[in-house]
Amino acid sequence: MSAGEIDLLPGERVLWAGEPVQRPLYVAADGVIAPAGLVVAVAALWFLLAKQPSGGAMAAVVVVLVIGLYGAVGRSAVRYFALGRTTYAVTDSRIIARSGLFRQKERASELAGLSAPVLKPGPSRAGTLTFAESGSVTLMGVGEPKRVRDLLTKAIDEAKARQAPEAA
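Per chain, residues are indexed from 1 in the order of the written sequence. Reporting in this predicted model follows two pLDDT cut-offs: at least 70 for local features of residues, and 80 or more for side-chain atom pairs to be given and counted; totals over whole chains, interfaces and linings ignore these cut-offs and use all residues. To get the side-chain values, take all heavy atoms of the structure and skip hydrogens and water.

1. Some remarks on the overall build of the protein
Spelled out, the test is: Helical segments are the DSSP runs of H or I of at least four residues, strand segments are the runs of E of at least two, and each set is numbered from the N terminus. Only C-alpha atoms enter the radius of gyration; for comparison, a globular chain is expected to reach 2.2 Å times N to the power 0.38, where N is the number of residues. Accessibility here uses a 1.4 Å probe with only protein chains present; expressed as a share of the type maximum, an area under 20% marks a residue as buried, one over 50% as exposed, and anything in between as partly exposed. Should any heavy atoms of two residues lie within 4.5 Å, those residues are counted as being in contact. Here Asp and Glu are counted as negative and Lys and Arg as positive; His is not counted, and neither are the chain ends. Lysine's charge is taken at NZ, arginine's at CZ, aspartate's at CG and glutamate's at CD.
Scanning the protein from terminus to terminus reveals three helices and seven strands. For the protein, the succession of helices and strands along the chain, N to C, is β-α-α-β-β-β-β-β-β-α. Its C-alpha atoms give the protein a radius of gyration of 21 Å, clearly above 15 Å, the size a compact globule of 168 residues would have. Structurally, the protein occupies a C-alpha span of about 70 × 35 × 30 Å along its principal axes. Relative to its full complement of 168 residues, the protein shows a buried share of 38%. In the protein, the proportion of contacts linking residues at least 24 apart, taken out of those at least 6 apart, comes to 55%. With 19 positive and 14 negative side-chain charges, the protein shows a spacing of 9 Å between the two charge centroids.

Set out below in structure tokens:
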């Protein structure tokens, strides 16, 4: 994401912008979701073939089969392709992620409301930066993740320091 693509707030400046250098096909949550989706898909397929339902039952089983297949493999594929169209930016007040497979959606988190980023190293000197706050932006597959983590930590500290006088 270049500085020209970001709708900056008045007085806001870009500290870092980048995109995933690695697109993980597998993440920790997939260790539960993929096997569960596979079990659901196999059960639905068995029911379709063994019981040969008709009408509403057939439609329901097909829906369950599709949901199971999505959990087993579709979710990972969608994430992989969406990360190919993902860009990140860190400004002096926000962290922003623009992503989406078909339509770009922008998510942002205020730096002053975030804890220090947690780095989960990945292969090829890439990593994922997460925050303890649920719903906050996650930077997945970032190159030079230690440098980005340090930049984020400093930006968060500075954003909190700017807000401290307002609270008093």
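2. Focus: the sheet that holds strand E5 (residues 118-121)
Sheet strands pair by backbone hydrogen bonding; their relative direction is either parallel or antiparallel. We count it as follows: Each pair of strands is called paired provided DSSP finds at least two bridges between the two strands. Angles run from 0 to 180 degrees between N-to-C directions of axes, and those axes are lines fitted to C-alpha atoms, restricted for helices to the stretch in contact.
Pairing within the open sheet is antiparallel, and its three strands lie in the order E5-E6-E7. Single-partner strands in this sheet number two, and they are E5 and strand E7 (139-143). If you compare each strand with its neighbour and ignore which way they point, the axes differ by 35 degrees on average. With four bridges joining them, E5 and strand E6 (residues 126-130) adopt antiparallel strand pairing.

3. Examining helix H2 (residues 56-83)
What counts here: Bend angle per residue: angle between axes fitted to the 7 residues ending at that residue and the 7 residues starting there.
Approximately 55 degrees is the largest bend angle found in H2, and it occurs at Gly71. Looking at H2, one finds that the buried residues are Val61, Leu65, Gly68, Gly71, Ala72, Gly74, Ser76, Arg79, Ala82 and Leu83. Contact partners of the buried residues in H2: helix H1 (30-51), strand E2 (87-91), strand E3 (94-99) and E7.

4. Details of the sheet that holds strand E4 (residues 105-110)
Overall, antiparallel pairing links the four strands, which are arranged E1-E2-E3-E4 in an open sheet. Every other strand in the sheet has two partners, leaving strand E1 (14-18) and E4 as the edge strands with one partner each. Strand-to-strand, the axes of this sheet are offset by a mean angle of 15 degrees, without reference to chain direction. Where E2 lies against E3, four bridges are found, and the strand directions are antiparallel. Counted as the bridge partner of Tyr88 is Ala97 from E3.

5. Quick notes on the pattern of salt bridges
Quick note on the threshold: One side-chain nitrogen of Lys or Arg within 4 Å of one carboxyl oxygen of Asp or Glu is enough to make a salt bridge.
For the structure shown, the criterion picks out seven salt bridges. Among the salt bridges present, the one from Arg75 reaches Asp30, with a minimum N-O distance of 2.5 Å. Here Arg75 is found in helix H2, whereas its partner Asp30 is found in helix H1, with 45 residues between them in sequence. Taking the relative accessible area as the measure of exposure, Arg75 reaches 25% and is therefore partly exposed. The partner of Glu144 in a salt bridge is Arg147, with the nearest N and O atoms 2.8 Å apart. Taking the relative accessible area as the measure of exposure, Arg147 reaches 43% and is therefore partly exposed.

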